[in-house]
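# Structural overview for review
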Amino acid sequence: MKEEEDEEANKVKGSLKGIGLMLKTRPNPGKHATEADSKDKKGSTKKKKWAKVEIGLGPEHADLSVLLNGNLATPADLGSHDIPLQWREELKRVSCMNSIIGAKRGVVGAELSDTNNDSSRRIVILKAGNNGAQEVFSGLIGERLGIRCPRIRVVENYSEREAIEGSIFDLLVNDVYYQTNTLGYLQQSKQLLLMEAGIHRVTLDKLAESNKTISIDMAFELGVLIPFDMIIANGDRLPLKRVWDRPGNAHNFLFPIDGKAYDSALLAIDQVCTHPRNERLLDNYLAAITDTLSSTESLRSALEVTIAFLGRASNTELLPGIEEALLAGVREG
């Protein structure tokens, strides 16, 4: 009886040991693991350990901010349906998905460079989505209103999309982790958009890190954005009391970095026309806009949450006169 119990206990112990081996921590994808530098001494009961070795992005990778803010970075032409970009010949680097620590940007940056001319790095943004026509249309409305919006083109030709995805596959052939994540993102939607890159710019929440603050001119242009967002019913960008109850999005407009000359202080991104489809909701929305714009006092009151958002999101002290500049921008728009 005692021998049977011992035999059964050994079986259980062996099973537990096997489970423990299966649950042993594996190295993270994209990172190598090496055995501990020193071998275990003879007779030592110390278990072997695996040391994780952190590696940086390879030459074919780059953080999106590195691509956008490089000294030689310029916006790439988007090409056309008939004359697409030369992806297989000119793609040099991409900002892989999951390579941007702490960020949640749903885009991939691509750097193209002519083999015979390294004097510039042409950057284009790739975005997977399902509202390409709406984004293009909203951008055209913005341009008519004097709003600086990135140019957008929907990739409609299958062979062009195949060339884009194929060139990324080849570029990242030695890094299956980033290759899988990047292509998985691009292939998750039916549409693939090519977007003009906002180079040498920062988002609202990065102003303080760049030793910048919202200037009077910037505040004026932010004010001009509000009527534009009213037209396309884009309440995600800037909060406005009684019209939009959303908190605001610090990543939906880009500010220029010092030393760079632009025709506009702001670049408005991610605008999609989202009008209420319910007649009652539409009537309420239009009534809220009418009430807000009915008087200077009403508009000034509505902008209180806008100003509070700008100060909070930028983590900077707003300059005197920002409120009046914002107010003037709304009237101009």
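Rules of the game
- Positions within a chain are numbered from 1, following the residues in the order the chain's sequence is written.
- Per-residue local features are limited, in this predicted model, to residues with pLDDT of at least 70; the limit for side-chain atom pairs, both in listing and counting, is 80 or more; totals at the level of whole chains, interfaces and linings are taken over all residues.
- As a rule here, side-chain values cover all heavy atoms of the structure and leave hydrogens and water aside.
- Each helix corresponds to a stretch of at least 4 residues labelled H or I by DSSP, and each strand to a stretch of at least 2 residues labelled E; elements are numbered beginning at the N terminus.
- Think of it in three bands: residues with accessible area under 20% of the maximum for their type are buried, residues over 50% are exposed, and the middle band is partly exposed, with areas taken using a 1.4 Å probe on protein chains only.
- In what follows, residue pairs with any heavy atoms lying within 4.5 Å of each other are defined as contacts.
- Surface accessibility follows the Shrake-Rupley procedure with a 1.4 Å probe radius. Residue values consider only the protein chains on display as shielding.
- Pairing between strands is defined by DSSP: at least two bridges between the two strands are required.
- The quantity known as pLDDT measures the predictor's confidence residue by residue, on a range of 0 to 100.

### Re the overall build of the protein chain
Along the backbone of the protein chain there are 11 helices and 11 strands. Every one of the 333 residues in the protein chain was classed for burial, and the buried ones make up 41%. By sequence separation, contacts in the protein chain at least 24 residues apart represent 71% of the contacts at least 6 residues apart. Working note: accessible area of the protein chain is about 19,400 Å², and carbon and sulfur atoms make up 52% of it.

### Some details on the pairing of strand 10 (residues 253-256)
What you see with strand 10 is no split at all: F253 and F255 on one side and L254 and P256 on the other are buried throughout. Sheet analysis places strand 9 (residues 201-203) next to strand 10, joined by 3 bridges and oriented antiparallel. In the sheet register, V202 faces strand 10, and the bridge partner there is F255. As judged from the 2 bridges shared by strand 10 and strand 11 (residues 267-268), these two strands associate in the antiparallel manner. Residue F253 lies in a different strand from strand 11, and its bridge partner there is A268.

### Topic: the confidence of the model for the protein chain
Detailed reading of the predicted coordinates is not advisable wherever pLDDT falls low. The predicted model of the protein chain has a mean per-residue pLDDT of 80, with 77% of residues at 70 or higher. Here residues 100-104 is modelled with pLDDT under 50, and outside its nearest four sequence neighbours on either side it reaches 3 contacts, counting other chains as well.

### With respect to the sheet that holds strand 10
In space, the 3 strands of this open sheet follow the order 9-10-11, with antiparallel pairing throughout. Each edge of the open sheet is held by one strand with a lone partner, namely strand 9 and strand 11.

### Overview of the environment of W87
For W87, the location among the structural elements is in helix 3 (residues 87-90). Residue classification places W87 among the buried residues on the basis of a relative accessible area of 2%. For W87 and E160, which are 73 residues apart along the polypeptide, the C-alpha to C-alpha distance reads 8.8 Å. Every residue in contact with W87, bar those within four places of it in the chain, is listed here: A110, L112, V124, L126, A163, I164, S167 and L194.

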